[in-house]
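Spelled out from the first residue to the last, the chains are:
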Amino acid sequence: MLPETNYFQVTKAEREARHKADALAAGGTESKSNSLRAFWRESSKALKQNWVLLIYMVILMTGFNSCSHGSQDFYPTFLKDTVRMSATKTTVITVVGQIGALL
């Protein structure tokens, strides 16, 4: 529902122009496979330049997901089994915690 940013439109136009020029220089016409090759070429270049950052982000997100799932999945089990709370109290605590997380 929102229009694309000017930066995105300029970048897309440049990429399409470069893709058309590469296709014409190769003596062929544009096709989906050429577009996919151009995307893969740009993606692999970005990965080669930023591989350390990619590994860092994967490790960081693994930690965040562990914390998130620990509080969402294991805490109710902890309350029921270890603290011996009733199912009703565990449900109320879990629901209040999830609403608090959303807020």
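- The protein chain appears in an unreviewed UniProt entry as Major facilitator superfamily (MFS) profile domain-containing protein from Cryomyces antarcticus.
- The Subcellular location (unreviewed entry) comment attached to the protein chain in UniProt states, word for word, "Membrane".

### Considering the packing of aromatic side chains
Consideration 1: Taken as a whole, this structure holds one aromatic pair when the rule is applied.
Consideration 2: Centroid distance Tyr75 to Phe78: 6.0 Å. Interplanar angle 25 degrees. Geometry classified as stacked. Residue Tyr75 and its partner Phe78 are both found in helix 3 (residues 51-81); the two are separated by three residues, about one turn of the helix.
Consideration 3: You can call Tyr75 partly exposed: its relative accessible area is 39%.

### Re the pattern of salt bridges
Two side chains with opposite charge may pair up if their charged atoms get near one another.
Consideration 1: Within this structure, the stated rule accounts for two salt bridges.
Consideration 2: Ionic pairing is found between Arg15 and Glu42, a salt bridge with its closest N-O pair at 3.0 Å. Here Arg15 is found in helix 1 (residues 6-25), whereas its partner Glu42 is found in helix 2 (residues 32-49), with 27 residues between them in sequence.
Consideration 3: Note on Arg15: relative accessible area 38%, which makes it partly exposed.
Consideration 4: In this structure, the salt-bridge partner of Arg18 is Glu42, at a minimum N-O distance of 3.2 Å. Taken as a pair, Arg18 in helix 1 and Glu42 in helix 2 lie far apart in primary sequence, 24 residues in all.
Consideration 5: Look at Glu42 and you get partly exposed, because its relative accessible area is 30%.
Consideration 6: One salt-bridge network, in which partners are shared between bridges, spans Arg15, Arg18 and Glu42.

### Observations concerning the environment of His19
Consideration 1: On the secondary structure map, His19 appears in helix 1.
Consideration 2: Taking relative accessible area as the criterion, His19 reaches 12% and is therefore assigned buried.
Consideration 3: The spacing of His19 and Ala38 is 19 residues in sequence and 6.8 Å in space, taken between C-alpha atoms.

### Looking at the side chain of Thr90
Consideration 1: Structurally, Thr90 can be placed in helix 4 (residues 87-102).
Consideration 2: Given the relative accessible area of 3%, Thr90 is considered buried.
Consideration 3: Not counting residues up to four positions away in its chain, the partners in contact with Thr90 are Pro76, Leu79, Lys80 and Met85.

Rules and cut-offs
- Residues numbered from 1 in each chain as written.
- Predicted model: local features only at pLDDT ≥ 70, side-chain atom pairs only at ≥ 80, totals over all residues.
- Heavy atoms only, no water.
- UniProt positions renumbered as here; feature names shortened; annotations may be inferred.
- Phe/Tyr/Trp six-rings, centres within 6.5 Å; stacked < 30°, edge-to-face > 60°.
- Helix = DSSP H or I, 4+ residues; strand = E, 2+ residues; numbered from the N terminus.
- Buried < 20%, exposed > 50% of the residue type's maximum accessible area, 1.4 Å probe, protein only.
- Salt bridge = Lys/Arg side-chain N within 4 Å of Asp/Glu carboxyl O.
- Contact = heavy atoms within 4.5 Å.

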